[in-house]
Amino acid sequence: MISANFQKILNSSFFKIDDDFEISSYAILNICLWAGIWYVLWIWIRWHHGASSFHALATVTIGFLPLALLALWNYKYGLLITIATTPLFIAPTIPHSFTQGFGDLEAACTITGYFLRSFQSREWRSLWKNNYIWLLAILVAASISLINSPLQGKTLRYGIKYGVAEIFGYILVMTFMVLLSHEIKNREKLETILQSTLASLITAIALAVAGIWASAICVGGYGAQTMLTSNGYLIASFDNPNYFSNFLIYTLPISLYFSIKFSEHKWKKTGYQALALMQILLVQATGSRSGLIGLVAIYIGWLIITRLRPKTRIFTAMFTLCLPLTLLVWWLPACTCGEAQAGICVPAQFLPFNNSDRAFSAPSIPSTNRGSVFSLPVSPPAGHGSLSSLSVAPTAIHDRALSTPSIPDEVEQLTTKSQKGLTSPVRLGLLLNAVKVWKQNPFTGVGVGLLPNISTVDHQVNRAHSVFLTTLAEQGILGLMTWLGWLCTIGLSLWRARASSNITDSLPSFLLLTYVSAGTQALFFDQNRVIWLWQFSAIAIAVYVMTQREQGPHSNGMARQVKQILHA
């Protein structure tokens, strides 16, 4: 009886989803709206009552427990709910950074639901693809780096348990990717996933607009720290401008793809182009250097794909005009409202090459904001601690950047040596430090997740701010080769899908554009565990499998395109 009633709820007009993974846009937006409302309410309550208070925990439970139960009941619901909650990156603290955001939490429920209710040995065998051998290799290399770590047995701020949590985080996102890729069996289901991704993007944009409104609280200055901004830079619900820009860069080619697909439908095309322009502008507002690099990569790819077709020239012109705005954001006065009112608001230096990161620096004069619901008051309420504890729950990277760990003597010498005579920016210092760490442990590295113990530059504790150098320092040559093998597999799959697809289908080209831009960003930021990139991996693998199935295993893409042209 309970099972039948619960199934009726699932098939109600609010969801309209069936066991064949079909869901309406109305249901997707409803899920995003539900999650967004409870998320904003939770952020507001946790500020006033504390993250561990009964009020905050009750809000999270009431708002997100129904979504978790849906994911446990039917993992197909969970896949879509995970995508819908992906932008909600700030989440209740999970020990040792095992999960990142509500998307990871929903993914954990989805995977659990699959094994509890839908697991069948035959179906599990069908999930396996030969490309996944690289995922196993990544886990083996990470485990070897941890077992062979020179920091074993030492007293560390970020001990071996953080490395174990990192490996379990890999297992979580990889398993989610395998399940999602398996469910994308045709173009209708692929369309559902892409539309769900754009629905989650709308949630992120709404929170970003709220962040802009919350920080623009005085003439000439900004709120020093609000719930959705970080010292003037936009973070929305990601707590870090680089994470937010990475999510925007991941979703931007999808918006561009739909603007091309619906080029004959005036209103749809205009809507998707407006969405894409909003993403471009928000990337500027994050002030992220890696975001700008990814944006330039997308711009070049857009020119190559469209070849300045008449129907895309107006949008291309607007895209071109938007690119220099990042430089304007970097040159804007970097001052709080208090500094503006004191008359000491001066233009910032050229921030990309400045020795301090504005996004994580404490303001010299407190902000005198007017009490926005997303803003932090001048002095913290009793029992809430310092300014850093007043902001939304920091991610592991942000948290490490605000505190200095206790480091053993032998590790301290390495850290001090890496800083001696350092005159370059902090980011360059972190990169150089990672290279020096790797030279001391070239084959297996210092241990997955353990680089922050010996990566202190200018009192900032962080990883290398580069996926490849972080992997090299933590997991050595062995770990880097496994990751490069997986990345090459994704890139090759997309390239083959592009060659095998119909000449009128531009989706593989735009997915390849996402691959190139995200890979370019990875050179300058650590983001290999964020779940939206594993969603992209699932889409890439599924698109390749679909194109091969549609055209046959032995078909030649170029020859088929020639035949299609001659037939036309």
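Structure shown above.
Values in this document were obtained by computation on a predicted structure and should not be read as measured data.

Engineer: Would you mind showing me how to read the overall build of the protein chain here?
Structural biologist: Looking only at helices and strands, one finds 23 helices and four strands in the protein chain. Of the contacts formed within the protein chain by residues at least 6 apart in sequence, a portion of 76% connects residues at least 24 apart. Of the roughly 24100 Å² of accessible surface on the protein chain, a fraction of 66% belongs to carbon and sulfur atoms.

Engineer: Please clarify how the environment of L450 should be interpreted in this entry.
Structural biologist: Its location among the elements puts L450 in the loop between α19 (426–440) and β3 (456–457). Looking at L450, the relative accessible area reads 0%, which means it is buried. For L450 and Y158, which are 292 residues apart along the polypeptide, the C-alpha to C-alpha distance reads 6.4 Å. Those residues in contact with L450 that sit more than four places away from it in its chain are L146, S149, L151, Y158, G159, I160, G163 and E474.

Engineer: Looking at this model, I keep getting lost on the packing of aromatic side chains. Mind explaining?
Structural biologist: Think of a pair of aromatic rings as described by two things: how far the centres are apart, and how the planes are tilted against each other in angle. Within this structure, the stated rule accounts for 31 aromatic pairs. Measuring from ring centre to ring centre gives 4.1 Å for F64 and F102, while their planes differ by 15 degrees; the resulting arrangement is stacked. Of this pair, F64 sits in helix α3 (residues 54–73) while F102 is found in helix α5 (residues 101–118), placing the two residues 38 residues apart along the sequence. Within the aromatic cluster, the residues linked to one another by ring pairs are F89, F238, Y243, F244, F247, Y250, F525, W532 and F536. In this arrangement the basic side chain of R117 is found over the ring face of W73, its NZ or CZ atom lying 4.0 Å from the centre. A cation over an aromatic ring shows up here: R498 above the ring of W495, its NZ or CZ 5.1 Å from the ring centre.

Engineer: When you look at α19 in this model, what are you seeing that I'm missing?
Structural biologist: Each α-helix turn comprises 3.6 residues. Residues three or four places apart therefore point the same way. With 15 residues, α19 should cover 21 Å at 1.5 Å per step; its first-to-last C-alpha distance of 21 Å lies within 8% of that length. Along α19, the positions that sit buried rather than exposed are V426, R427, G429, L430, N433, A434 and V437. Here the buried residues of α19 occupy an arc of 155 degrees about the axis, which is enough to place them on one side.

Engineer: Help me out: how do you make sense of unusual backbone geometry in this one?
Structural biologist: Backbone phi values are negative for most residues with the exception of glycine, while trans is the configuration of most peptide bonds. Phi at R307 is positive, roughly 55 degrees, even though this residue is not glycine. Note that R307 resides in the loop between α12 (289–306) and α13 (313–322). Its identity as a non-glycine residue notwithstanding, L308 has a phi of 55 degrees, on the positive side. With respect to the element layout, L308 can be found in the loop between α12 and α13.

Engineer: Mind showing me how you'd approach the environment of Y257 here?
Structural biologist: With respect to the element layout, Y257 can be found in helix α10 (residues 241–261). Between the C-alpha atoms of Y257 and L511, which are 254 residues apart in sequence, the distance is 8.9 Å.

Engineer: I'm lost on the side chain of T59 in this one. Help?
Structural biologist: With respect to the helices and strands, the residue T59 is situated in helix α3. Beyond its immediate stretch of four places on either side in the chain, T59 contacts W38, L41, W42 and I45.

Engineer: What's the story with the nonpolar core in this structure? I'm lost.
Structural biologist: Soluble, globular proteins show a tendency: their nonpolar side chains are buried together. Core analysis: the largest hydrophobic core is formed by 125 residues, its most contacted members being Y39, F238, F244, F319, W532 and I539. Ranked by the residues each element gives to this core, the list is headed by helix α22 (residues 531–551), at 13 residues. Ignoring sequence-local partners within four residues, the contact set of F244 consists of A204, A208, L234, I235, A236, F238, L282 and T286.

Engineer: For this particular structure, what's the right way to read the packing of helix α20 (residues 467–500) against helix α21 (residues 507–522)?
Structural biologist: Helix packing geometry: the angle between the two helix axes and the distance between the axes. Between α20 and α21, whose axes approach to 10 Å, the crossing angle comes to 165 degrees. The orientation of α20 with respect to α21, classified from their angle, is roughly antiparallel. As for how α20 packs across α21, the hand of that crossing is left-handed. Residues V467, F468, L487, C488, I490, G491, L494, W495, A497 and R498 of α20 form the contact with α21, whose participating residues are P508, S509, L511, L512, Y515, G519 and A522. Among the residues forming the contact of α20 with α21, the class breakdown is 13 nonpolar, three polar and one charged.

Engineer: Teacher, can you tell me more about the packing of α3 against helix α4 (residues 75–84) here?
Structural biologist: Closest axis-to-axis distance for the α3/α4 pair is 5 Å, and the angle between their directions is 135 degrees. The orientation of α3 with respect to α4, classified from their angle, is oblique. The way α3 lies across α4 gives a crossing that is left-handed. Between α3, through L67, L70, A71 and W73, and α4, the contact on the second element is made entirely by Y75, Y77, G78 and I81.

Procedures and definitions
Residues numbered from 1 in each chain as written. Predicted model: local features only at pLDDT ≥ 70, side-chain atom pairs only at ≥ 80, totals over all residues. Heavy atoms only, no water. Helix = DSSP H or I, 4+ residues; strand = E, 2+ residues; numbered from the N terminus. Contact = heavy atoms within 4.5 Å. Areas by Shrake-Rupley, 256 points an atom, 1.4 Å probe, with all protein chains shown as cover. Buried < 20%, exposed > 50% of the residue type's maximum accessible area, 1.4 Å probe, protein only. Phe/Tyr/Trp six-rings, centres within 6.5 Å; stacked < 30°, edge-to-face > 60°. Lys NZ or Arg CZ within 6 Å of the ring centre and 35° of its normal. Expected span 1.5 Å × (residues − 1). Arc of directions from axis to C-beta. Core = buried A, V, L, I, M, F, W, Y, C linked by side-chain atoms within 4.5 Å. Axes fitted to C-alpha atoms, helices over the stretch in contact; angles between N-to-C directions. Parallel < 35°, antiparallel > 145°, perpendicular 65-115°, else oblique. Left-handed = near helix turned anticlockwise from the far one by under 90°. Nonpolar A, V, L, I, M, F, W, Y, C, P; charged D, E, K, R; others polar.

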